[in-house]
Amino acid sequence: MKYTPKPYEELFFTDDFLFSKIMRDEGIAKGVVENLLGIKIKKVDFLSSQYSIGELYAGKGIRLDAYLEDSGKVIDIEMQSVVQMDEGLRMRYYQSIIDIEHLNRGERYRNLKESYVVFICLNDPFGDGKAVYNFATKEVDGERILNDRIHKVIYNASGFEKAKEPKVRAFLKFVKERAATDLLTRKIQEAVDTCKYHQKWRAEYMLWEDQVTEWKEEAREIGKAQGLKEGLSKGIAEGRTETLIETAKKMIKKCIDLNTISECTGLSLEEVNRLKEEND
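Cut-offs and rules
- Starting from 1, residues in each chain are numbered consecutively following that chain's sequence as written.
- Totals for whole chains, interfaces and linings use every residue, but because this is a predicted model, local features are given only for residues with pLDDT of at least 70 and side-chain atom pairs only at 80 or more, for both listing and counting.
- Side-chain descriptors were evaluated using all non-hydrogen atoms of the structure, hydrogens and water having been removed beforehand.
- Note on conventions: DSSP H or I runs of at least 4 residues are helices, E runs of at least 2 residues are strands, and numbering of each starts at the N terminus.
- Each residue's exposure class comes from its accessible area (1.4 Å probe, protein chains only) as a fraction of the maximum for that residue type: buried when under 20%, exposed when over 50%, partly exposed otherwise.
- Contacts are assigned to residue pairs with any non-hydrogen atoms lying within 4.5 Å of each other.
- A 1.4 Å probe and the Shrake-Rupley method give the accessible areas. Residues count as covered only by the protein chains that appear here.
- Salt bridge, as used here, is a side-chain nitrogen of Lys or Arg placed within 4 Å of a carboxyl oxygen of Asp or Glu.
- To estimate the expected span of a helix, count its residues, drop one, and scale the result by 1.5 Å.
- Any pair of nitrogen or oxygen atoms within 3.5 Å is treated as a polar contact; in protein, a donor-acceptor pairing is required on top of that, and neighbouring residues in sequence qualify only through side-chain atoms on both sides.
- Strand pairing requires that DSSP identify at least two bridges connecting the strands.
- Confidence per residue, as judged by the predictor, is encoded in pLDDT with a range of 0 to 100.
- Under this scheme, a helix contributes an axis fitted over its contacting stretch, all axes are lines through C-alpha atoms, and angles between N-to-C directions fall in the 0 to 180 degree range.
- Every angle not falling under 35 degrees, over 145, or within 65 to 115 is termed oblique; those three ranges are roughly parallel, roughly antiparallel and roughly perpendicular.
- Left-handed describes a crossing whose near helix is turned anticlockwise from the far helix through less than a right angle; right-handed describes the clockwise counterpart.

Let us now look at the overall build of the chain. In terms of regular secondary structure, the chain is built from 10 helices and six strands. The burial tally for the chain puts 47% of its 280 residues in the buried class. Counting only contacts in the chain whose residues sit at least 6 apart along the sequence, the fraction spanning at least 24 positions is 61%. Looking at the chain as shown, the accessible area adds up to about 15,700 Å², and 50% of this sits on carbon and sulfur atoms.

Turning to the pattern of salt bridges, a few remarks are in order. According to the stated counting rule, one finds five salt bridges in the structure shown. Between R202 and E9 there is a salt bridge; the shortest N-O distance is 2.5 Å. Residue R202 is found in helix α6 (residues 199-225), and its partner E9 is found in the segment before α1 (16-22); the two are separated by 193 residues along the sequence. In this structure, E69 and K113 form a salt bridge, with 3.0 Å as the shortest nitrogen-oxygen distance. In this pair, E69 sits in strand β2 (residues 62-69) while K113 sits in the loop between α3 (87-102) and β4 (114-121), placing the two residues 44 residues apart along the sequence.

The topology assignment puts E114 in strand β4. Using a relative accessible area of 25% as the deciding quantity, one classes E114 as partly exposed. When the C-alpha positions of E114 and V74 are compared, they lie 6.4 Å apart, and in sequence the two are 40 residues distant. With residues up to four places along the chain from it excluded, the contact list for E114 reads G72, K73, V74, R149 and H151.

Taking 1.5 Å as the rise per residue, helix α4 (residues 166-177) with 12 residues should run 16 Å; its terminal C-alpha atoms sit 16 Å apart, in good agreement. The complete set of buried residues in α4 reads V168, A170, F171, L172, F174 and V175. Tucked into the core, α4 has its buried residues touching α2 (26-37), β4, β5 (132-135), β6 (150-156) and α5 (183-195). A positive phi of about 60° marks R178, the residue just after α4.

Among the secondary structure elements, S20 is positioned in helix α1. Within the structure, the side chain of S20 is placed 2.9 Å from the backbone oxygen of F17, a separation counted as a polar contact.

Below, the discussion takes up the pairing of β6. The element β6 is extensively covered by neighbouring structure, given that six of its seven residues are classed as buried. Two elements, β4 and β6, share seven bridges in a ladder whose sense is parallel. Note that in β6 the partner of F119 across the bridge is I154. One ladder, built from four bridges, connects β5 with β6; its direction is antiparallel.

Moving on to the confidence of the model for the chain. Confidence along the chain averages 80 in pLDDT terms, with 76% of residues attaining 70 or more. Confidence drops under a pLDDT of 50 for residues 227-240, and excluding neighbours within four residues, the segment shows 19 contacts in the predicted structure.

Further remarks concern the packing of helix α9 (residues 258-265) against helix α10 (residues 269-279). Viewed as axis vectors pointing N to C, α9 and α10 meet at an angle of 120°, and their least axial separation amounts to 9 Å. In terms of orientation, α9 lies oblique with respect to α10. As α9 packs across α10, the resulting crossing turns out to be right-handed. Side by side, α9 and α10 meet where L258, N259, I261 and S262 of the first sit next to L269, V272 and N273 of the second.

Here it is, written out as structure tokens:
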């Protein structure tokens, strides 16, 4: 099947490209944080889209969808349009790298800011039907909570009706059903509509999608060249070649999302992660 990119006009807030762009709006970013987490952001000292945290020694670098800081907090918000099997491990790694980035040599641990890692999922990652999964570091055989100032929260948009807080329910409903029902979601919808006329973003998106299309077609032709007649996915799965792996490496160097690389090449996400780690 030929790879067909989603037209720019069809992008929504839940698409990674548009989500990261819209979350550059300080008012929207603050509104999302305050409505979801119930905390006040006094002043955003640093706000960025697709914020890159560099590699530590030989470590794996990460790119964050939306990252905010105020005087005492750091908040990372990630849009997860596809349910992964490793949300916990992703959160663990994001949190560890954020902490290392903020604690300079010689500083005391008490200087670490309160940290929030937030995943917004279109579907339920655990299947329990909850709208919100809130995690804290807790004593195994007791009720004591470890005061590590770490909060990990996963929102399930498909369970929006079960959200107790009206603002959370309205936001998750917007994410899942695209229904703007309050001030914040109407502001986000307006930003989505306005983005359709943003020529620079359109050009950026077209360039990115052109690259993905080119690599997808390259992988498809490789599958054909192998003489495997069962189709692209089976051809790639059964006919692993050095050329295909090189294609994946090129995409990694271009900082293409690993899930996209997996989709384009037919390599499993684990294989793509391994190639990323080998090339870091």
